[in-house]
Amino acid sequence: MKAALVKKEYLTPFVLITSLFFLWGFARSILDVLNKHFQDAFEMTKASSALVQVSVYLAYFLMAIPAGLYINRYGYRRGVVFGLLLFAVGAFLFIPSDFAMSFACFLISLFVLGCGLVFLETAANPYAATLGDPRTAASRLNLAQSFNGLGCIFGPFIMGSILFAESSSDSAPSIAVPYTVLGIFILLVALVFTRVKLPEIQQETKAEEKAPISGLWKHKGFTLGIIALLSYEIAEIAINSFFVNYVCEDGWMEPLQASALLSFGALALFMVARVIGSLVMSRIAAERVLCFCAVMTVIGTILVIANIGLASKIGLFACYAFEAIMFPTIFAISLKGLGAYTKRASSYLMMTPIGGAIGTYVMGYVADISTMAWAFTVPCAGYIIVLLYSLTVQKRVP
């Protein structure tokens, strides 16, 4: 008998939790436009503008374990509400940052916002994965992550329209306005979550809850999963961060058009591919799908590095199409069989976006000393590690 994707009694909680995926997708995708904006506004190098990503994903690295401990003690709902409040505070801090027009202040604002995002992701990812049959966990998480992709579509387009639109005024566009609106909306969402009850998924006995954390690191699937997820984040976030730079420096289009292409071209393809991947994995083992997609992303980045015109552009979009299922799939595979360790394992896995900070900075540095095409060697290396991981886990599929 085919397992249901979501248990009937968990349908409402699944819908509410899935809405959070949209919110952090929107917030994170805006960063890809801020990179180019700060390069122009503050006349800085690509490596320096990469501090935008570093500030947000450093928050993931530093706050993932505290977030996991908080959620483990107080539950998913309180973890979500606390994350939304931090998210809103970070957004409102853009008001004084914009007034001071200080890059350092903007980075502090983004760090606080990132702290909020890590609480949301640490709570929502494992929660969505457990709202149904374990056999459909990867497929269910991919479905929820599809709404993350939907948020990613609107982020660059809206922010790009504000920051890159031609204006007769000599004054720089205000970043504070869209972030203030976002902060108000987030507070309203937090209010909704204070009024609803999210059932806690009991996966362990009281005795198991006290299991020593050292036991977690004995799970080979989990430790390999952390390495693979870190490598994926290096690739995915680095490519997003310099998409606008790549298509502009190639002479393809201007920043405003590039932002729209990122939204309705690359990220829309990413979202559609994630939905398709969710459907495919309901019939084919997630490990096998991951392996195929990893091969295609390696080929895609090699085409970009080769810098051979149309084929390179196709390679760039192939990366978006085939990387789409990687994060939720690796995440779900890594949590298999962890039982009592699930919440704590999730917090460790949510430290991996620090790879985005590393990848973006290194890719920016390589682009500064060579070309944007050659800088794609950084995400290519990340995809190769994911490929090696997929070959390892695929051997365990019956």
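Here the structure is a predicted model, which means the values were calculated and not measured.

What counts as what
- Residues numbered from 1 in each chain as written.
- Predicted model: local features only at pLDDT ≥ 70, side-chain atom pairs only at ≥ 80, totals over all residues.
- Heavy atoms only, no water.
- Disulfide = S-S within 2.5 Å.
- Salt bridge = Lys/Arg side-chain N within 4 Å of Asp/Glu carboxyl O.
- Helix = DSSP H or I, 4+ residues; strand = E, 2+ residues; numbered from the N terminus.
- Buried < 20%, exposed > 50% of the residue type's maximum accessible area, 1.4 Å probe, protein only.
- pLDDT = per-residue confidence, 0-100.
- Contact = heavy atoms within 4.5 Å.
- Phe/Tyr/Trp six-rings, centres within 6.5 Å; stacked < 30°, edge-to-face > 60°.
- Lys NZ or Arg CZ within 6 Å of the ring centre and 35° of its normal.

Novice: Would you take a moment to explain the state of the cysteines for this structure?
Specialist: Disulfide: a covalent bond formed between the sulfur atoms of two cysteine residues. Taken as a whole, this structure holds zero disulfides when the rule is applied. Here C152 is not cross-linked by a disulfide; its sulfur's nearest cysteine counterpart is in C319, at 16 Å. Unpaired in this structure, C291 has its nearest cysteine sulfur neighbour in C293, at a distance of 9.4 Å.

Novice: Quick question: what am I supposed to make of the pattern of salt bridges here?
Specialist: Where charged atoms of side chains with opposite charge meet at close range, the side chains can pair. In the structure shown here, the tally under the stated rule is five salt bridges. Ionic pairing is found between E121 and R28, a salt bridge with its closest N-O pair at 2.7 Å. Here E121, found in helix 6 (residues 103-130), pairs with R28, found in helix 1 (residues 11-41); they are 93 residues apart in sequence, far enough to count as distant. Residue classification places E121 among the buried positions, given a relative accessible area of 2%. By relative accessible area, R28 is classed as buried at 13%.

Novice: Looking at this structure, how should I read the confidence of the model for the protein chain?
Specialist: Detailed reading of the predicted model is not advised wherever pLDDT is low. Residues of the protein chain with pLDDT of at least 70 account for 93%, and the chain-wide mean is 86. Note on residues 204-208: pLDDT under 50 across the span, and six contacts to partners over four residues away in sequence or across chains.

Novice: Just checking my understanding: could you explain the packing of aromatic side chains for this structure?
Specialist: How two aromatic rings sit relative to each other is set out by the distance from centre to centre and by the angle between their planes. Scanning the entire structure with this criterion turns up 24 aromatic pairs. Ring geometry for F94 and F106: centres 5.7 Å apart, planes at 45 degrees, overall tilted. Here F94, found in helix 5 (residues 94-100), pairs with F106, found in helix 6; they are twelve residues apart in sequence, far enough to count as distant. The same class applies to F94 as to F106, namely buried. Ring geometry for F243 versus Y320: centroids 5.9 Å apart, planes at 85 degrees, classification edge-to-face. On the criterion of sequence distance, the pair formed by F243 in helix 11 (residues 243-249) and Y320 in helix 14 (residues 310-323) is long-range, its members being 77 residues apart. Each member of the pair F243 and Y320 is classed as buried. Within the aromatic cluster, the residues linked to one another by ring pairs are F38, F42, F94, F103, F106 and Y179. Taking NZ or CZ as reference, K313 lies 5.1 Å from the ring centre of W252, over its face.

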